[in-house]
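Here is how the chains run, residue by residue.
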Amino acid sequence: MFSHPSSRCPTSPPSNERAFHGDIVTPTHPDYVSSLKRWSANSQRRTLVIAFVRDEDDVRTALLYAQAQGLRIAIRGGGHNPAGASSIENGLVIDLSRPLNDIKIAPEAKRGYVGGGALWSDVNGAVTESDVNGAVIKHGLVMTSGTVSHTGVGGLTLGGGFGYLTGQYGLVIDHLIQATVVIASSEKLIASVSQNTHIFWAIHGGRSNFGVVTEFVFQLHAQSTMVLAGVLVLAPPAMEDVMQIREAKFDEGMSEKETARVVVALGPGGQPCVMLLLFYNGTEEEGREHFKPFFELKQIVADMCRAMPYNEVNTLQDEWVPHGGNYYLKSASLPCPSARIAIQIRAAVYEAAKANPDIHSNYISEH
């Protein structure tokens, strides 16, 4: 049952509150500080109550309690939102991350049933010697799944969500067949194209503003296990040649099977470099032929591209953006790749790094 020492939160729950079967964490609990932690340290807020829910009934109980006590709420899945959407000051956090992170696969129907608190590493599977093929790919199936494996499924999905397979299959939200949603009235709804269609429409980009999604049902696609992916590290003068190739490829028409991210970065010892994060949904031979103009550049410092399982591709950026850092993300849309703008970005990043020598990593990518 809910209880809290604050004057805003009585020590006994409201009379209409159902039994709560999950875990309640408040400022006096030994897990309180760790429960506040998020991917972005600057997005953490000191909340009054954290409700680790076990099921839809727990979500309903938490919503009713928050309404009765006049508490604002936040919903945490993976806790990856840099704007702090999964945290709330002096409010109540409905945390889906503990028991609501299970994954069930129906291979014949090509469907995946994913708990609202799951991470993409749960969907794709951990990259280990004992489980190299992952949770979905071991069935010969895949879906668009972001670019960092410790991102939450819920936040990425409800915000649209792009990944390495977006060109081929679309956004993550395009795969959503059905969702179990608990709305503000505490009613549990099944939303799809045939029932509760207004909620199904609203959560397509509406994030968590229309309810708490406890389960997602996704359409999966057939996929070969191995693809070409990895990083090309180049000397800074390569930016001009890289972007000229990008512009030419854009004019000719990009392949739906490819992704090429241009990254301005500080390498070992704080030395500037340009990195190309390449992905091709095919064999290594096919990928190297497709990206031949990049691989023929003379300024290559290191070639770390190779054949790898798709679930490993989803982890390539994990070490670049670990939990606990201070992150600020801002995007801008361009009608096409631009060498001029990329060179300006490169100069700005390097100048910022010189002015702030304590910066260990600073990069910006262009898709």
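Look up: the structure comes first, before these words.
None of the values given here were measured: they were computed from a predicted structure.

Enquirer: Help me understand the nonpolar core in this model?
Expert: Generally speaking, soluble globular proteins have nonpolar side chains that are buried together. The biggest cluster of nonpolar side chains holds 26 residues, and the ones touching the most others in it are Leu 232, Val 242, Leu 276, Leu 278, Phe 291 and Phe 294. Counting residues per element, the ones that place at least two in this core are strand E12 (226-234), helix H7 (238-252), strand E13 (258-266), strand E14 (272-280), helix H9 (292-295) and helix H11 (339-355). Among residues more than four places away in sequence, those in contact with Phe 291 are Leu 228, Lys 249, Glu 258, Thr 259, Ala 260, Leu 278, Phe 279 and Tyr 280. With 24 residues, the next largest nonpolar core counts Trp 120, Met 143, Ile 199 and Phe 218 among its residues.

Enquirer: Just checking my understanding: could you explain the sheet that holds strand E9 (residues 188-192) for this structure?
Expert: By way of backbone hydrogen bonds, the strands of a sheet pair with one another, either parallel or antiparallel. Taken in spatial order, the five strands of this open sheet run E5-E6-E10-E8-E9, and their pairing is antiparallel. This sheet does not close on itself; its edge strands, each paired only once, are strand E5 (103-106) and E9. Across the sheet, the mean angle separating the axes of adjacent strands is 15° when strand polarity is ignored. The pairing of strand E8 (residues 176-182) with E9 spans five bridges and is classified as antiparallel. From the neighbouring strand, Gln 178 faces E9, where its bridge partner is Ser 192.

Enquirer: Which parts of the structure should I look at to understand the pattern of salt bridges?
Expert: Pairing between side chains becomes possible if they bear opposite charge and their charged atoms approach one another. Summed over all chains, the structure comprises nine salt bridges. With a shortest N-O distance of 3.3 Å, Arg 346 and Glu 240 are connected by a salt bridge. Placement of Arg 346 in helix H11 and of Glu 240 in helix H7 is noted, with a sequence separation of 106 residues between them. Accessibility expressed as a relative area gives 29% for Glu 240, which makes it partly exposed. The partner of Lys 249 in a salt bridge is Glu 258, and the shortest N-O contact between them spans 3.3 Å. Each member of the pair, Lys 249 as well as Glu 258, carries the same accessibility label: buried. A single salt-bridge network, built from bridges that share partners, covers Glu 284, Arg 288 and Asp 303.

Enquirer: Would you explain the side chain of Asn 281 in this entry?
Expert: Note that Asn 281 resides in the loop between E14 and helix H8 (284-290). A distance of 2.6 Å separates a polar atom in the side chain of Asn 281 from a polar atom in the side chain of Gln 223. Each residue touching Asn 281, except ones within four places of it in the same chain, is listed here: Leu 165, Gln 168, Gln 223, Val 227 and Lys 257.

Enquirer: Looking at this model, I keep getting lost on the sheet that holds strand E1 (residues 23-25). Mind explaining?
Expert: Ordered by their spatial adjacency, four strands build an open sheet running E1-E2-E4-E3, and the pairing between neighbours is mixed. Whereas interior strands pair on both sides, the edge strands pair on one side only; in this sheet they are E1 and strand E3 (73-76). Averaged over all adjacent pairs, the angle separating strand axes in this sheet is 20°, with direction ignored. Summarising the sheet, E3 and strand E4 (residues 92-95) pair through four bridges and their orientation is parallel. Residue pairing for E4: Arg 76 is matched across the bridge by Asp 95. Most of the contacts of helix H2 (residues 56-69) go to E4, to which it runs at about 175°, and overall it touches strand E2 (49-52), E3 and E4.

Enquirer: How do you make sense of the packing of aromatic side chains when you look at a structure like this?
Expert: In this description, an aromatic ring pair is defined by two values, namely the gap between the centres and the angle between the planes. For the structure shown, the criterion picks out seven aromatic pairs. Ring geometry for Tyr 280 versus Phe 291: centroids 6.3 Å apart, planes at 85°, classification edge-to-face. Placement of Tyr 280 in strand E14 and of Phe 291 in the loop between H8 and H9 is noted, with a sequence separation of 11 residues between them. The exposure class of Tyr 280 is buried, given its relative accessible area of 11%.

Parameters at a glance
- Residues numbered from 1 in each chain as written.
- Predicted model: local features only at pLDDT ≥ 70, side-chain atom pairs only at ≥ 80, totals over all residues.
- Heavy atoms only, no water.
- Core = buried A, V, L, I, M, F, W, Y, C linked by side-chain atoms within 4.5 Å.
- Buried < 20%, exposed > 50% of the residue type's maximum accessible area, 1.4 Å probe, protein only.
- Helix = DSSP H or I, 4+ residues; strand = E, 2+ residues; numbered from the N terminus.
- Contact = heavy atoms within 4.5 Å.
- Pairing = 2+ DSSP bridges.
- Axes fitted to C-alpha atoms, helices over the stretch in contact; angles between N-to-C directions.
- Salt bridge = Lys/Arg side-chain N within 4 Å of Asp/Glu carboxyl O.
- Polar contact = N/O pair within 3.5 Å; in protein donor to acceptor, adjacent residues only side chain to side chain.
- Phe/Tyr/Trp six-rings, centres within 6.5 Å; stacked < 30°, edge-to-face > 60°.

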